[in-house]
Each structure stands twice: as structure tokens, then as C-alpha cells.
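Notes for the structure review
Here is what each chain is made of, one letter per residue.
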Amino acid sequence: MTLQIRPFVSDDRSGLVQAIDAVCGESRWMCTVRFEPTPAWTHALEEPRCPCHLLLVVKDAEHVVSWCRAFPRVGRSNAREATLGIGLLPPYRDRGIGIVLVRRSLNWAQNVGYQCVRLTTHPDNARAIHVFTCCGFASTQRIAEDVLEMSCYLAGLSTA
Ligand SMILES: CC(C)(COP(=O)(O)OP(=O)(O)OC[C@H]1O[C@@H](n2cnc3c(N)ncnc32)[C@H](O)[C@@H]1OP(=O)(O)O)[C@@H](O)C(=O)NCCC(=O)NCCS
């Protein structure tokens, strides 16, 4: 199986939305049951080349099987911060793809001058927490019973 990891282009849109809907519908770890585009998502889909964000897709032949995104985090502090989100269809999990995508996203964020990348996950999502910890994230705060925030400070981080 040859998988392609590359930035999203407009032609990927319906396949990407299908993949997100599938992961949201199947996985109890996502915060919505289907794709619900935020303004940042709408911008990323409509302006794929805008340098403020990174949206990676993984394709197996013509099918989008995974995504990883880093979007600017607005209005929280003076620091340049991004948020990260990721998902893979079930057959593609536990093959090392998630770690590659997160590291690649952190490397991008570091290179374009972000200072910190944050994400939220479910406190019981052991696989995701393992992946994020391996990549340099640490737990920051428990925002709610079922929402754990993790942060990765990029200064000096090795993303190789
Ligand atoms: C979480 C997710 C993005 C990880 O991507 P992935 O490609 O499956 O992860 P990888 O294969 O790169 O790495 C998996 C790691 O977790 C470990 N792992 C697997 N299941 C685990 C578990 N239940 N507890 C702890 N670690 C686990 C694996 O051993 C591997 O670690 P290793 O490389 O040190 O051996 C992916 O599984 C996914 O999309 N899951 C469903 C949706 C989701 O949870 N999204 C994230 C929401 S914040």
C-alpha cells in the first residue's frame, strides 16, 4: 500500500469531509459527530495556499484516509499559538502515520514562527495521548471532565 502525505488541495475537499465525517461518526474521541466547519476550517478549505495554516491529507490512491491540521489560535495571548487536530480512518491506525503527521505539523509550526501548539483530547484517549506525548506535548489543564488540554512549546523542540 503506497500512501501519499501532502498538503490539502481543493480537489480533496469532498474526500476530506467524508473522512472527517467517518471518524467523527465512528470514534468516541471526536468532539462532534460529523464535520462542523469552524471559520478556521472554512478558511483552510477555501484558501488552501494561505500560509497561516497547515492542512495535511493522507491519500490511499484516490481516497482521503487521514488529515492533520494546524490552525492559528486567535485572541488568547500575545504569543503566536496554533491548534492541532488529527484523525485517521480505522484501517490506517497504529501504523506510525499519526506520529509522522504530528511531527510534520510541529516542524511546520516551528519553521513559520509559532511558539506553541495546543490541542484538546479526551482524557481516556490513551493512544492519542501517547502519540502527542511522544511528539513533545504535555498535559496543561483539565478543561472539563472529558476534555484534556495538551500543549507543545516549540523553542528548541526536535521535530526530526
Ligand atoms: C489517535 C490517532 C491520531 C493516532 O494515530 P496513529 O497513526 O493511529 O498512531 P501511530 O501509529 O503513529 O502511533 C500509535 C502509538 O500509540 C500506541 N498505542 C496504541 N494503542 C494504545 C493505547 N490504547 N494506549 C497507549 N498507547 C497506545 C502504539 O503502540 C504507538 O506507539 P509506539 O509508536 O510508541 O509503539 C489515530 O489512532 C486516530 O485517528 N484515532 C481516532 C481519532 C482520534 O482519537 N483522534 C484524535 C483526537 S484528539
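The following refers to the structure shown. Not measured: the values here are computed from a predicted model. (Residues numbered from 1 in each chain as written. Predicted model: local features only at pLDDT ≥ 70, side-chain atom pairs only at ≥ 80, totals over all residues. Heavy atoms only, no water.)

Some points on the pairing of strand β5 (residues 116–121)
Among the 6 residues of β5, 5 are classified as buried, and the element is accordingly described as predominantly covered. The pairing of strand β4 (residues 81–88) with β5 spans 3 bridges and is classified as parallel. Bridge assignment links E81 to a residue of β5, and that residue is C116. Pairing of β5 with strand β7 (residues 147–153), which is carried by 6 bridges, proceeds in the antiparallel orientation. When the bridges of β7 are listed, V117 appears paired with C152. (Buried < 20%, exposed > 50% of the residue type's maximum accessible area, 1.4 Å probe, protein only. Helix = DSSP H or I, 4+ residues; strand = E, 2+ residues; numbered from the N terminus. Pairing = 2+ DSSP bridges.)

Some points on the packing of helix α1 (residues 13–26) against helix α2 (residues 39–46)
Look at α1 against α2: their axes get within 11 Å of each other, and the N-to-C directions meet at 145°. The two elements α1 and α2 meet at a crossing, and its hand is right-handed. When α1 is examined against α2, the residues R13, L16 and I20 are found in contact with a partner set consisting of W41, L45 and E46. (Axes fitted to C-alpha atoms, helices over the stretch in contact; angles between N-to-C directions. Left-handed = near helix turned anticlockwise from the far one by under 90°. Contact = heavy atoms within 4.5 Å.)

As for α1
Between its first and last C-alpha, α1 extends 20 Å over 14 residues, near the 20 Å set by a 1.5 Å rise per residue. Those residues of α1 lying buried are L16, A19, I20, V23 and C24. Relative to the axis of α1, the buried residues are bounded by an arc of 130° and lie together on one face. Away from its buried face by more than 90 degrees, α1 exposes S14, Q18 and G25. Those residues of α1 hidden inside the fold are in contact with α2, β2 (54–60), β3 (63–72) and β4. (Expected span 1.5 Å × (residues − 1). Arc of directions from axis to C-beta.)

Quick notes on the side chain of T121
Considering the arrangement of structural elements, one finds T121 in strand β5. Of the residues examined, T121 reaches a relative accessible area of 9% and is grouped as buried. Discounting chain neighbours no more than four positions away, the residues touching T121 are A128, I129, F132, D146, V147, L148 and M150.

Quick word on the site of the ligand
Taken together, 23 residues are adjacent to the ligand, and L88, G96, G98, N125 and H130 come closest. N125 has a polar side-chain atom sitting 2.8 Å from an oxygen atom of the ligand. Contact distances for the ligand include 2.8 Å between an oxygen atom and a side-chain N or O atom of H130. Coverage of the ligand by the protein chains reaches 73% of its 960 Å² of free accessible surface. At the level of elements, β4, α3 (97–111), β5 and α4 (126–135) are the ones that each hand at least two residues to the shell around the ligand. Here the shell around the ligand takes 6 residues from α4, the largest share from any one element. (Near = heavy atom within 4 Å. Polar contact = N/O pair within 3.5 Å; in protein donor to acceptor, adjacent residues only side chain to side chain. Areas by Shrake-Rupley, 256 points an atom, 1.4 Å probe, with all protein chains shown as cover.)

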